[in-house]
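Listed below, chain by chain, are the residues.
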There are 2 protein chains.
Amino acid sequence: MRNTQATIRDIAIKLNISISTVSRALRGAPDVNQETKKAVLEMAEKLNYEPNRVAQSLRIKRTNTLGIIVPEISLHFFSSAISGMQEEAAQHGYSIMICQSLESFETEKQNVHMLAANRVDGLLISMSSETKDVAHIQSLINKNIPVVLFDRVSDALPVAKVVVDDHDGAFKATEHLIQTGCRRIAYIGGPLTFYISNQRKRGYLDALLHHNIIPDEQLIVHCHELHTEPLEQVKRLLSLPKTQQPDALFCLNDPIAVPVLQLLKEKNIRVPEEISVVGFTNEPVSAFIEPSLTTVSQPSHEMGKKAIELFLEQSHDLDNFTPVTATMKTTLLVRNSTRKV
Amino acid sequence: MRNTQATIRDIAIKLNISISTVSRALRGAPDVNQETKKAVLEMAEKLNYEPNRVAQSLRIKRTNTLGIIVPEISLHFFSSAISGMQEEAAQHGYSIMICQSLESFETEKQNVHMLAANRVDGLLISMSSETKDVAHIQSLINKNIPVVLFDRVSDALPVAKVVVDDHDGAFKATEHLIQTGCRRIAYIGGPLTFYISNQRKRGYLDALLHHNIIPDEQLIVHCHELHTEPLEQVKRLLSLPKTQQPDALFCLNDPIAVPVLQLLKEKNIRVPEEISVVGFTNEPVSAFIEPSLTTVSQPSHEMGKKAIELFLEQSHDLDNFTPVTATMKTTLLVRNSTRKV
DNA sequence: CTGAAAGCGCTAACAG
DNA sequence: CTGTTAGCGCTTTCAG
């Protein structure tokens with residue numbers, strides 16, 4: 001933003017007509033003389049005119065911009081979801097503004113404020129694992145700003161959501177472990193307040209119970225932090241007395257499962273012979289790591305698109321809108337980190 | 001953007017003072033009575049006031065927003081660069097707006113227009129492989145909008161750039177292939193107008209010449225499209241008469257090299273015994289694929305940060321600014337897709 | 001079909 | 001220390 005940018009006023013003066021006529025011509029209003037319109041368009045071209053969306057937004061009280069908050073852009077699940085959103089949003093004339101919370105509650109709050117200050121027309125949020133208090137998001141709802149939660153959602157918020165059936169995915173994954181002979185299956189999860197982790201834990205527990213396996217509290221791990229703690233916890237589990245050690249690890253997600261697989265390789269523990277590993281998400285590396293990782297795949301790109309669709313529906317009919325939850329399908333991808341049936 | 005958002009006017013009325021005083025208090029101007037200031041801040045809090053950056057931007061002619069255009073968000077190199085930018089930008093009070101060109105010139109042009117219309121304070125661009133005409137970017141420069149090109153840059157543009165030494169990286173990679181006994185080394189590159197590809201090709205050629213190997217035109221491939229064509233071309237090379245077949249493939253980047261590696265596996269061609277493969281970029285999968293991919297790594301996150309730094313320098317001193325090019329270090333990561341020395 | 005005028009929410013002289 | 005005033009660039013009545 002500097003000088004030298006032509007405005008409708010410049011066009012109006014050059015053409016010796018009023019700025020309202022220019023404005024009309026530019027926006028293709030019907031009640032404008034063809035000749036005038038042509039002249040305006042030509043002059044705009046000549047002056048390299050670029051509409052000022054900032055001024056427009058202020059006037060029409062819409063920015064045609066959507067805000068997105070994700071924990072970490074560079075995780076493939078999120079960049080892929082963003083990519084889906086971006087494509088869908090662009091098709092409907094929306095730009096997107098992106099923030100990352102880096103799994104920090106404070107940063108997430110700041111992000112929300114920043115995007116609200118920018119008067120985005122809607123917010124698409126995947127919550128940080130740290131977030132339990134959802135007042136900052138609730139306040140958006142109170143201000144009538146459409147919010148769509150995706151993947152990392154919260155029960156406490158009456159908003160549109162895009163999720164996969166985490167319970168079902170976890171159930172299938174755990175059942176697969178059981179069916180391939182595992183009995184002491186550990187769950188490596190996130191904080192106790194982390195909704196998505198709890199859903200997956202419930203699926204895991206239900207699968208155990210369904211197959212008459214009594215859950216062992218010792219094998220259920222809640223990590224407060226998702227980068228280094230999971231590895232520590234796995235090491236701890238592996239140092240338990242032989243009979244108490246797990247014979248399978250069901251990890252909250254692939255970004256946890258992949259390093260776990262590497263750790264096991266370092267320790268010369270054979271996968272899946274000695275221990276099976278299952279992840280969740282299906283990050284690209286998971287197919288390539290040796291052994292390839294059995295995981296529950298989520299349709300990240302489609303989830304992104306869907307989130308935009310839900311926003312659009314909601315924004316068309318803000319007054320009588322009831323929060324919908326779109327549940328997408330997961331697929332259990334059986335690869336080589338689990339035993340054959 | 002809907003109703004119910006408090007403005008400084010609301011605060012002024014409630015407190016029975018002028019809006020300029022409110023404005024001053026809110027921005028922490030020095031010449032405001034402590035009491036007044038306190039009252040304003042409290043009232044702002046109470047009304048859930050959120051500054052309107054749209055109005056601010058229009059008035060001060062700066063948006064504190066940066067535009068980013070990348071070919072594809074979900075490629076790790078780009079999402080990682082974006083992540084670096086986002087973190088650095090946030091520290092300096094900038095928001096970011098993201099577009100993807102999807103390797104389409106037309107889309108890239110549209111992106112530029114959209115971001116210009118949004119009056120971003122600067123643009124960070126990694127050009128599509130299709131882009132040869134750079135007039136759309138030149139026009140930004142003419143309008144005094146700071147532009148920083150990163151990774152996918154163009155020679156024709158006098159702007160700040162963040163690159164790696166592509167020539168050097170390619171030279172090292174090719175030399176490594178030669179030193180491990182390869183003689184018929186193919187280059188799988190991009191379009192002839194694709195700057196980065198040409199740089200890498202030159203590094204490749206210079207390495208060959210340096211080692212007295214006469215380049216074979218037949219082994220130098222230019223793909224117009226980067227998703228499916230490279231595989232076709234490799235298949236073609238593999239169907240040449242035995243003596244004309246390559247014994248190594250140096251690929252423009254990892255997103256090409258990885259599928260190539262898979263193709264070779266399908267065809268039961270042993271890597272690196274029968275043919276060596278080298279990539280460029282170092283995507284996360286490259287370390288995990290079997291055999292792991294020898295590649296030239298680029299510091300994506302740092303390149304992103306650096307790009308923001310260059311923007312900041314430039315925007316501080318727009319008038320007498322000379323375009324700098326920051327060249328970052330690459331590292332040859334020798335893994336298992338090439339033979340041992 | 002066109003123009004005049006008001007105003008979106010905010011900042012920044014200028015004057016007190 | 002505070003208030004008045006004039007816009008930033010645009011859209012949108014309301015008149016003609």
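Definitions and cut-offs
- Residues numbered from 1 in each chain as written.
- Chains lettered and ligands numbered in written order.
- Predicted model: local features only at pLDDT ≥ 70, side-chain atom pairs only at ≥ 80, totals over all residues.
- Heavy atoms only, no water.
- Near = heavy atom within 4 Å.
- Polar contact = N/O pair within 3.5 Å; in protein donor to acceptor, adjacent residues only side chain to side chain.
- Helix = DSSP H or I, 4+ residues; strand = E, 2+ residues; numbered from the N terminus.
- Contact = heavy atoms within 4.5 Å.
- Salt bridge = Lys/Arg side-chain N within 4 Å of Asp/Glu carboxyl O.
- UniProt positions renumbered as here; feature names shortened; annotations may be inferred.
- Buried < 20%, exposed > 50% of the residue type's maximum accessible area, 1.4 Å probe, protein only.
- Pairing = 2+ DSSP bridges.
- Axes fitted to C-alpha atoms, helices over the stretch in contact; angles between N-to-C directions.
- Phe/Tyr/Trp six-rings, centres within 6.5 Å; stacked < 30°, edge-to-face > 60°.

Chain A goes by LacI family DNA-binding transcriptional regulator in an unreviewed UniProt entry, where it is assigned to Chryseolinea lacunae.

A. Highlighting the protein's contact with DNA strand D. Lining the immediate environment of DNA strand D, one finds 25 residues, of which Tyr49(A), Arg59(A), Ser20(B), Arg24(B) and Arg59(B) sit closest. Considering the 4 Å shell around the protein, atoms of DNA strand D inside it are sugar or phosphate in 60% of instances. Between DNA strand D and Ser20(B), the relevant distance is 3.2 Å, taken from a base oxygen to a side-chain nitrogen or oxygen of the residue. Arg24(B) places a side-chain nitrogen or oxygen 2.2 Å from a base oxygen of DNA strand D. Contributions of two or more residues to the surface near DNA strand D are made by helix H2 (19-26) and helix H4 (53-60) of chain A together with helix H2 (19-26) and helix H4 (53-60) of chain B.

B. Structural context of the interface of chain A and chain B. With 54 residues of chain A at the interface, the matching set in chain B holds 54 residues. A salt bridge links Glu50(A) to Lys143(B); its shortest N-O distance comes to 3.7 Å. In this structure, the connection of chain A to chain B is made through 18 residue pairs in polar contact (both at pLDDT 80 or more). Elements with a contribution of two residues or more to the side of chain A that touches chain B: H4, helix H5 (76-91), strand E2 (95-100), helix H6 (105-117), helix H11 (254-266) and helix H12 (284-288) of chain A. The element that contributes the greatest number of residues to the side of chain A that touches chain B is H5(A), accounting for seven residues.

C. Local environment of the UniProt feature "domain: HTH lacI-type" (unreviewed entry) in chain A. Following the UniProt record, the feature "domain: HTH lacI-type" (unreviewed entry) maps to residues 6-60 of chain A here. With 67% helix and 0% strand, the stretch residues 6-60 of chain A has end C-alpha atoms that lie 20 Å from each other.

D. Layout of the side chain of Thr294(B). Residue and element names in this part refer to chain B. Its place among the elements puts Thr 294 in strand E10 (residues 294-297). One polar contact links the side chain of Thr 294 to the main-chain amide nitrogen of Arg 335, over a distance of 2.8 Å. A distance of 2.8 Å separates polar atoms of two side chains, one belonging to Thr 294 and the other to Thr 338. With residues up to four places along the chain from it excluded, the contact list for Thr 294 reads His 176, Val 277, Val 278, Gly 279, Leu 332, Leu 333, Val 334, Arg 335, Asn 336, Ser 337 and Thr 338.

E. Main features of the pattern of salt bridges. The full count for this structure, using the stated rule, is 22 salt bridges over all chains. Where Glu274(A) meets Arg270(A), a salt bridge forms, and the shortest distance between an N and an O atom there is 3.3 Å. Residue Glu274(A) is classed as partly exposed on the basis of its relative accessible area, which comes to 38%. A salt bridge links Lys235(B) to Glu232(B), with the nearest nitrogen and oxygen atoms 3.9 Å apart. One end of the pair is Lys235(B) and the other is Glu232(B), both in helix H10 (residues 229-238) and three residues apart, which spans about a single turn.

F. Representation of the sheet that holds strand E9 (residues 276-281) of chain A. Residues and elements named next belong to chain A. Pairing is mixed across the open sheet formed by six strands, whose spatial order is E7-E6-E8-E9-E10-E12. Edge positions in the sheet fall to strand E7 (220-222) and strand E12 (331-333), since each of these pairs with one other strand and no more. Here the average twist between neighbouring strands, direction ignored, is 15°. Relative to strand E8 (residues 248-251), strand E6 (residues 185-189) runs parallel, the two sharing four bridges. Within the sheet, the bridge partner assigned to Ile 188 lies in E8 and is Cys 251.

G. Expanded view of the packing of aromatic side chains. All names here are of chain A. Applying the stated criterion to the full structure yields eight aromatic pairs over all chains. Ring centres of Phe 77 and Phe 78 lie 5.2 Å apart, and the angle between their planes is 80°; this geometry places the pair in the edge-to-face category. Owing to a relative accessible area of 5%, Phe 77 belongs among the buried residues under this scheme. Here Tyr 94 and Phe 311 contribute two aromatic rings whose centre-to-centre distance is 5.4 Å and whose plane-to-plane angle is 85°, an arrangement assigned as edge-to-face.

H. Expanded view of the pairing of strand E10 (residues 294-297) of chain A. Residue and element names in this part refer to chain A. Burial along E10 is two-sided: Thr 294 and Val 296 and Thr 295 and Ser 297, pointing in opposite directions, are all buried. In terms of strand pairing, E10 meets E12 through three bridges, oriented antiparallel. Paired with Ser 297 across the bridge in E12 is Thr 331.

I. Structural context of the protein's contact with DNA strand C. With respect to spatial proximity, 25 residues lie near DNA strand C, and among them Arg24(A), Ile8(B), Ser23(B), Tyr49(B) and Arg59(B) are the closest. Within 4 Å of the protein, the contacting atoms of DNA strand C are 63% sugar and phosphate, with bases supplying the remainder. Measuring from a phosphate oxygen of DNA strand C, one finds a backbone N or O atom of Asn52(B) at 3.3 Å. Elements that contribute at least two residues to the surface near DNA strand C include exactly H2 and H4 of chain A together with H2 and H4 of chain B.

J. Geometry of the sheet that holds strand E9 (residues 276-281) of chain B. Residue and element names in this part refer to chain B. With respect to topology, six strands assemble into an open sheet ordered E7-E6-E8-E9-E10-E12, the strand pairing being mixed. In this open sheet, the two strands that pair with only one neighbour each are strand E7 (220-222) and strand E12 (331-333). In this sheet, neighbouring strand axes are inclined to one another by 15° on average, regardless of whether the strands run parallel or antiparallel. Those strands touched by helix H11 (residues 254-266) are strand E6 (185-189), strand E8 (248-251), E9 and E10, and its axis lies near 155° from that of E9.

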